[in-house]
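Residue-level structural notes
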Amino acid sequence: ALGLSVESWVAQEGTLSPGDAVWLTTALLEMLGGLRATTPHLLHGGISPADVFITEEPRALVLTGFAQARRVVSQCLAPAQEGDPPFVECVDATFAPPEMRIGNHTGLATDLYGVAAVALYALTGEGPRAFSGRMNELEDVLVTGFRAPRLLARFLAGALSPTVELRFQDVDAALDVITGR
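Residues numbered from 1 in each chain as written. Predicted model: local features only at pLDDT ≥ 70, side-chain atom pairs only at ≥ 80, totals over all residues. Heavy atoms only, no water.

Applying the stated criterion across every chain, the model contains five salt bridges. One salt bridge connects Glu139 with Arg150, and the closest N-O pair in it is separated by 3.1 Å. Of the two residues, Glu139 is situated in helix H5 (residues 138–146) and Arg150 in helix H6 (residues 150–159); the sequence distance between them amounts to eleven residues. (Salt bridge = Lys/Arg side-chain N within 4 Å of Asp/Glu carboxyl O. Helix = DSSP H or I, 4+ residues; strand = E, 2+ residues; numbered from the N terminus.)

One way to put it is that helix H2 (residues 18–38) packs onto helix H4 (residues 108–124) with a least axis distance of 9 Å and a crossing angle of 160°. Classed by the angle they form, the pair H2 and H4 counts as roughly antiparallel. As H2 packs across H4, the resulting crossing turns out to be right-handed. Within the contact between the two elements, H2 uses Pro18, Ala21, Leu24, Thr25, Leu28, Leu29, Leu32 and Arg36 and H4 uses Leu108, Asp111, Leu112, Val115, Val118, Ala119, Ala122 and Leu123. (Axes fitted to C-alpha atoms, helices over the stretch in contact; angles between N-to-C directions. Parallel < 35°, antiparallel > 145°, perpendicular 65-115°, else oblique. Left-handed = near helix turned anticlockwise from the far one by under 90°. Contact = heavy atoms within 4.5 Å.)

Turning to H6, a few remarks are in order. Of the residues making up H6, those classed as buried are Leu152, Ala153, Phe155, Leu156, Gly158 and Ala159. Check the buried side of H6 and you find it contacts H2, H4, H5 and helix H7 (171–179). (Buried < 20%, exposed > 50% of the residue type's maximum accessible area, 1.4 Å probe, protein only.)

Of note in this structure, Arg147 is not a glycine but carries a positive phi near 55°. Mapped onto the elements, Arg147 comes out in the loop between H5 and H6. By relative accessible area, which is 62% here, Arg147 ends up exposed.

Another point: the side chain of Glu139. A distance of 3.1 Å separates polar atoms of two side chains, one belonging to Glu139 and the other to Arg150. Separated by 3.2 Å, the side chains of Glu139 and Arg154 make a polar contact. Contact partners of Glu139, with chain neighbours within four places excluded, come to Arg150, Ala153, Arg154 and Ala157. (Polar contact = N/O pair within 3.5 Å; in protein donor to acceptor, adjacent residues only side chain to side chain.)

Shown next as structure tokens:
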């Protein structure tokens, strides 16, 4: 059975424990790394808690939504600048990185942002935009306010940077931070 999406899990069961949030994040990163090893140019383009399902026996993750690439929301975002074409599909602005909110899709750093957004939601019940005013101290906020392990908090703070160039650019580097390698 597919199980519950992370979105449904948090709504019905509450947030994940810090240890389960580490498991979720590591499993998602390993899955993304495995997919990219076999299909190097594969990008999801909008990972959100509605796309990640937790199965119970055996406990595993299922990532959906590759075919749609961007999640349709009830209210589309305006074009980035006057004269830009309107969006055919819109991203879920609660979990989308800044570059996707203006219609750009940059690559793996965008999907790593999505992994971090899902993990942040699973741990706190909030998406990245709820922490936008505290991004500079996100690592400390997560450790002190949500009992996140320091290495998980460090990954989340790095992967959720509003600046694409400051984010993790590959799965192995992200895994190295979480595992302390």
